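Residues per chain, in single letters:
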Amino acid sequence: MAERANFGSKLGVVLASAGSAVGLGNIWRFPTEVGENGGAAFILIYLICVVLIGMPVMLSEFVIGRHTRSNTATAYQKLAPGTWWRVQGGMGVFVAFIIMCYYVVVSGWTLYYAYSSLVGALQYTGDDANYFSDFFDGFVSHPWLPVAFSVLFMGMVHFIIVKGVQNGIERFSKVMMPMLLLIIGVLAVCAFSLPGTSEGLSYLLKPDFSKLTASTVLSAIGQAFFSLSIAMGCLCTYASYFRKDTNLVKTAYSVCVIDTIVALMSGFIIFPAVFSVPGLDPEEGAGLVFKSLPYIFSQAFRSMPVMGYVFSLLFYLLLFLAALTSAISIHEPVTAYLHEARQMSRKKAALWVSVVCMTLGVICSLSFGVLSDLTLFGNTIFDNFDALPSVILMPLGGIIISLFTGWYLDKKLVRDEITNEGNLTFRFFKVYIFLLRWIIPVAIGLVFVNQFIGLS
Ligand code: PHE
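Residues numbered from 1 in each chain as written. Predicted model: local features only at pLDDT ≥ 70, side-chain atom pairs only at ≥ 80, totals over all residues. Heavy atoms only, no water.

S.K.: Can you walk me through the pattern of salt bridges in this structure?
M.R.: When charged atoms on two side chains of opposite charge get close, those side chains can pair. The full count for this structure, using the stated rule, is nine salt bridges. Note that Asp-137 and Lys-291 form a salt bridge whose closest N and O atoms lie 3.7 Å from each other. Separated by 154 residues along the polypeptide, Asp-137 in helix H6 (residues 131-140) and Lys-291 in helix H13 (residues 288-300) bring together distant segments of the chain. In this structure Asp-137 comes out as partly exposed when scored by relative accessible area, which is 35%. Here Arg-346 makes a salt bridge to Glu-332, at a shortest N to O gap of 2.7 Å. Placement of Arg-346 in helix H15 (residues 346-366) and of Glu-332 in helix H14 (residues 305-341) is noted, with a sequence separation of 14 residues between them. With respect to burial, Arg-346 and Glu-332 carry one shared label: buried. Residues joined by salt bridges that share partners form a network here, namely Arg-66, Lys-244 and Glu-417. (Salt bridge = Lys/Arg side-chain N within 4 Å of Asp/Glu carboxyl O. Helix = DSSP H or I, 4+ residues; strand = E, 2+ residues; numbered from the N terminus. Buried < 20%, exposed > 50% of the residue type's maximum accessible area, 1.4 Å probe, protein only.)

S.K.: Just to check I follow, could you spell out the site of the ligand for this structure?
M.R.: Taken together, 15 residues lie near the ligand, and Ala-21, Gly-25, Tyr-103, Phe-226 and Met-232 sit nearest. One of the backbone N or O atoms of Gly-23 is found 3.5 Å from an oxygen atom in the ligand. Ser-227 places a polar main-chain atom, nitrogen or oxygen, 3.0 Å from a nitrogen atom of the ligand. If the ligand stood free it would expose 320 Å²; the protein chains cover 100% of that surface. When residues of the shell around the ligand are traced back to their parent elements, those giving at least two are helix H1 (10-21), helix H2 (24-36), helix H10 (214-227) and H14. Here the shell around the ligand is built from residues that sort into seven nonpolar, eight polar and no charged. (Near = heavy atom within 4 Å. Polar contact = N/O pair within 3.5 Å; in protein donor to acceptor, adjacent residues only side chain to side chain. Areas by Shrake-Rupley, 256 points an atom, 1.4 Å probe, with all protein chains shown as cover. Nonpolar A, V, L, I, M, F, W, Y, C, P; charged D, E, K, R; others polar.)

S.K.: What exactly am I supposed to notice about the packing of aromatic side chains here?
M.R.: Ring pairs (aromatic) are described by centroid distance and by the angle formed between their planes. Counted by the stated rule, this structure contains 42 aromatic pairs. Taken together, a centroid distance of 5.5 Å and an interplanar angle of 90° make the contact between Trp-109 and Phe-290 edge-to-face. Of the two residues, Trp-109 is situated in helix H5 (residues 86-118) and Phe-290 in helix H13; the sequence distance between them amounts to 181 residues. With relative accessibility at 4%, the residue Phe-290 sits in the buried group. The residue whose ring lies beneath Arg-29 is Phe-226, and the NZ or CZ to ring-centre distance is 5.3 Å. Looking at Arg-437, its charged tip hangs above the ring of Trp-407, at a distance of 4.2 Å from the centre. (Phe/Tyr/Trp six-rings, centres within 6.5 Å; stacked < 30°, edge-to-face > 60°. Lys NZ or Arg CZ within 6 Å of the ring centre and 35° of its normal.)

S.K.: Just to check I follow, could you spell out the packing of helix H3 (residues 40-68) against helix H4 (residues 72-79) for this structure?
M.R.: For any two helices packed against each other, the geometry is given by the interaxial angle and the distance between the axes. The N-to-C vectors of H3 and H4 enclose an angle of 85°; their axes lie 9 Å apart at closest approach. Taken together, the axes of H3 and H4 lie roughly perpendicular to each other. Mapping the contact onto sequence places Ile-64, His-67 and Thr-68 in H3 and Ala-75, Tyr-76, Lys-78 and Leu-79 in H4. Residue composition of the contact of H3 with H4, by class: four nonpolar, two polar and one charged. (Axes fitted to C-alpha atoms, helices over the stretch in contact; angles between N-to-C directions. Parallel < 35°, antiparallel > 145°, perpendicular 65-115°, else oblique. Contact = heavy atoms within 4.5 Å.)

What is shown is where atoms sit, not what they do.
This is the structure we're talking about:
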């Protein structure tokens, strides 16, 4: 049998995994959630969720992936043959497939906004606060433009995926992630020169606990899952390419730290800008990045249009890069599954995933235009593709992974995998198992119930 692919270096492992985690979830979804849930208090709860829930689940995915050195579906079959646990493996592949279909749509928007910034189409000197709202609505409902940008984006993902693990995913992550971190650093420094800096910072740093409700906690857990790319087979698949000497705890820790820093920095960039334009509401919601930010940038840098141009270009480039490194990690579990479990060549598997996801992606995209009347369970097709994974499959997957690692797997196997057969020490092993057995299933169970019956 041919040797299975591996990541070539430690840095490659960390950057590829961090590339998966850092995505639209950090730059678009995190500030939106912070805005909707009252600022610093939400951030505090989010950080606790990352440490107590995110890291242990990520570590478990690493254990499962690296131990079996298989695609997600086969991994569970190997570890629990003939049991129902293997459903989680198939579900991981399925969730990645579904997410890919709509992620490619939003990613296409980021590419269009990066392009529009470049050609100066986002420069606006008027006072109409709805200008960019109309711009966005006009774009997404256009009969072919958003589709064209999504196809272009999928083409880039496909190109990287067919190049393989080391030459594709690892090599591109090693170029794109440092670029991304550099851009976000430059933007954060620029944001500090804005008039709204102190207001923005105090919004982010001074917790107002009166705003804290049960739903804040539940949103924070959901955000941690999405942002860390857990419970969907992506990191489990990446871990199957880790080498035997990769330190799993250190890698999980580094990925969580990078992901959290990028999310916080996005907040430090966006909120000073929001508070620099009078009359804008930080609790604005999901339209923030595509509808409000272009207006905010053009207003905040009114006296320095060149700065506004550069800031906007860098911002959308950042968003695009983040989307691209995440999208390849969503494509990979499905490609690896078809390649290994269905005996397709890697090229054919990748093509199959790209074409089918893109076809469904086109339908998702058109649900903002000609297919806007087409609904399923009272929602547009796009909303269904968005909701199914995050509302049902992801929380369920999180619970299954924790129970599987905490209760079912042999503890010696888990410990050996984490410590690289005893070559490393892991002082928190007992705490880790306790979290997996009790705390995480209960916490995620609450998110799950909340989403179904709307507690809060
Ligand atoms: N974590 C990515 C983000 O923050 C999204 C993602 C979800 C990536 C699922 C992989 C798998 O945008």
